[in-house]
Amino acid sequence: MTRAQLTRTGILRMALGGGAADPLLPPAEGGGGRRTPFLLRALRIAVVVCLYWFTSIAMVFLNKYLLDSPSLRLDAPLFVTFFQCALTATLCLGLSLGAACGPPCSSLPTLRLDPKVSRSVLPLSAVFIGMVTSNNLCLKHVGVAFYNVGRSLTTVFNVLLSYLLLKQTTSLYALLACGVIIGGFWLGVDQEGAEGTLSWTGIFFGILASLCVSLNAIYTKKVLPVVDGSIWRLTFYNNVNACVLFFPLMLLLGEFRTLYHFDKLGSPSFWGMMILGGVFGFAIGYVTGLQIKFTSPLTHNVSGTAKACAQTVLAVAYFEETKSLLWWTSNLMVLGGSFAYTWVKGLEMRKVQEDPNVKSSEGNETGV
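Residues numbered from 1 in each chain as written. Predicted model: local features only at pLDDT ≥ 70, side-chain atom pairs only at ≥ 80, totals over all residues. Heavy atoms only, no water.

Moving on, we come to the overall build of the protein. The helix and strand inventory of the protein stands at 14 helices and zero strands. Burial statistics for the protein: of 368 residues in total, 50% are counted as buried. Looking at the protein alone, contacts between residues at least 24 apart form 84% of all its contacts between residues at least 6 apart. (Helix = DSSP H or I, 4+ residues; strand = E, 2+ residues; numbered from the N terminus. Buried < 20%, exposed > 50% of the residue type's maximum accessible area, 1.4 Å probe, protein only. Contact = heavy atoms within 4.5 Å.)

Their axes nearest at 9 Å, the elements helix α2 (residues 38-68) and helix α3 (residues 77-97) cross at an angle of 135°. Taken together, the axis directions place α2 and α3 in an arrangement best described as oblique. The way α2 lies across α3 gives a crossing that is right-handed. Only P77, V80 and Q84 of α3 make contact with α2, whose side of the interface consists of N63, L66 and L67. (Axes fitted to C-alpha atoms, helices over the stretch in contact; angles between N-to-C directions. Parallel < 35°, antiparallel > 145°, perpendicular 65-115°, else oblique. Left-handed = near helix turned anticlockwise from the far one by under 90°.)

Right, let's get into the pattern of salt bridges. The tally for this structure, following the rule as stated, stands at nine salt bridges. Of the charged contacts, one joins K323 and E195 as a salt bridge, the two residues approaching to 3.4 Å between their closest N and O atoms. Residue K323 is located in the loop between α12 (297-318) and α13 (325-354), and its partner E195 is located in the loop between α7 (172-194) and α8 (200-223); the two are separated by 128 residues in the primary sequence. We classify E195 as partly exposed; its relative accessible area is 28%. Here R233 makes a salt bridge to D228, at a shortest N to O gap of 4.0 Å. Connected through shared salt-bridge partners, E192, E195, E321 and K323 make up one network. (Salt bridge = Lys/Arg side-chain N within 4 Å of Asp/Glu carboxyl O.)

Right, let's get into helix α4 (residues 115-141). Between its terminal C-alpha atoms α4 stretches 37 Å, which fits the 39 Å expected from 27 residues at 1.5 Å a residue. At L122, α4 shows its strongest bend, of approximately 50°, with the proline P123 following within four residues. The distance from a side-chain oxygen at the start of α4 to the backbone nitrogen of K116 is 3.0 Å, and the residue carrying that oxygen is D114. (Expected span 1.5 Å × (residues − 1). Bend = angle between axes of the 7 residues up to and from the residue. Polar contact = N/O pair within 3.5 Å; in protein donor to acceptor, adjacent residues only side chain to side chain.)

This next bit is on the UniProt feature "transmembrane region" (unreviewed entry) in the protein. Per the UniProt record, "transmembrane region" (unreviewed entry) is found at residues 42-66, 78-100, 121-139, 145-165, 172-189, 201-219, 231-250 and 270-290. Taken as a whole, residues 121-139 contains 100% helix and 0% strand, while its terminal C-alpha atoms sit 27 Å from one another. The annotated region residues 145-165 carries 86% helix and 0% strand content, and the separation between its end C-alpha atoms amounts to 33 Å. (UniProt positions renumbered as here; feature names shortened; annotations may be inferred.)

A separate point is the environment of F262. Tracing the backbone through its elements, the reader meets F262 in the loop between α10 (255-260) and α11 (268-294). Measuring from C-alpha to C-alpha, the distance between F262 and L74 comes to 7.0 Å, with 188 residues separating the pair along the chain.

So, about the packing of α7 against α13. At their nearest, the axes of α7 and α13 sit 8 Å apart, and the two run at 160° to each other. Between α7 and α13, the angle falls in the class roughly antiparallel. Judged by the sense of rotation from one axis to the other, the crossing of α7 with α13 is left-handed. Looking at the contact of α7 with α13 residue by residue, the class counts come to 15 nonpolar, eight polar and two charged. (Nonpolar A, V, L, I, M, F, W, Y, C, P; charged D, E, K, R; others polar.)

Take the environment of S118 next. When you line up the elements, S118 lands in helix α4. As for S118 and V227, which are separated by 109 residues in sequence, their C-alpha atoms are 9.6 Å apart. Discounting residues that sit within four places of it in the chain, S118 has contacts with Y237 and N241. A distance of 2.5 Å separates the side chain of S118 from the side chain of N241, its partner in a polar contact.

Our next topic: unusual backbone geometry. A positive phi angle, near 55°, is found at R73, a position not held by glycine. Structurally, R73 can be placed in the loop between α2 and α3. The class of R73 is exposed, set by a relative accessible area of 57%. Backbone geometry places E320, a non-glycine residue, at a positive phi of 55°.

Here's what the structure looks like:
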């Protein structure tokens, strides 16, 4: 989740709330054509879920290497993020130019830089920069195993901001799930401190990343009409704006001087890892959309929760770490609370679809 949060959030909101279809994704099934055999559908879903897991986990490990590898020793997190934004904008433009060549890019919108649109997207771009930068800084200062817990408060901020900004109430059961997440977060912080691996800097950026992810979702919905509801056009403008805004930040924090003295700046392997990390970051938006299309938004969230669990176990095994029972309990609380929240919201959405009057009555009885 580190890199392509905007693309993933946009595609997810398209799947949940309608809007323009994603031109790179296949059409949803069940539209009147012949139904695909069950075995083929199951195999395709399994492949898509595995692809999502592989891309997401590989992206986190690659970013951890680029941000905090003892062998690389590159203390320039903004430059890593800037490069990935630049690569994303380039790939968007390249796919748009490939539209003239026919399938599979023929349905992609034409991209051109309109200064007026760019200015309209600028507020979202500022939130986007805060999101991707705080994500990467959190990953830099905490271990991959704790990364999921360190930035686990996104759901809590979603509920809080929905009430403060959108005046949307949340059911009691959903609030209880958020309480479990908060308890797991604090238990995880306590256990990291007990093991001597706690980084308050990483915790700060994890909380900030959770807040920015929630704000990004809200601003994305507000800005989408400016780009005619096109996620790919919004991704292009957002990353172009981010590249421009990153320059003064990199200059202010002295990262250009760090790069000048970096001994691997001319290394092909270093640039290969940088490009690979950027490609994985760009690809996660596409495979997220695939998973939603071939399953459902609810199944996607469940798959993401299970992926986070697998990512934690892999990180502990790969880095040969030893964790206490309470540390594992904190992870289970975060994952369990996230799963419970997803399940409760899925049931509520189903009730609303069956009876629109349920929403108002539930809000009056249990809303907070």
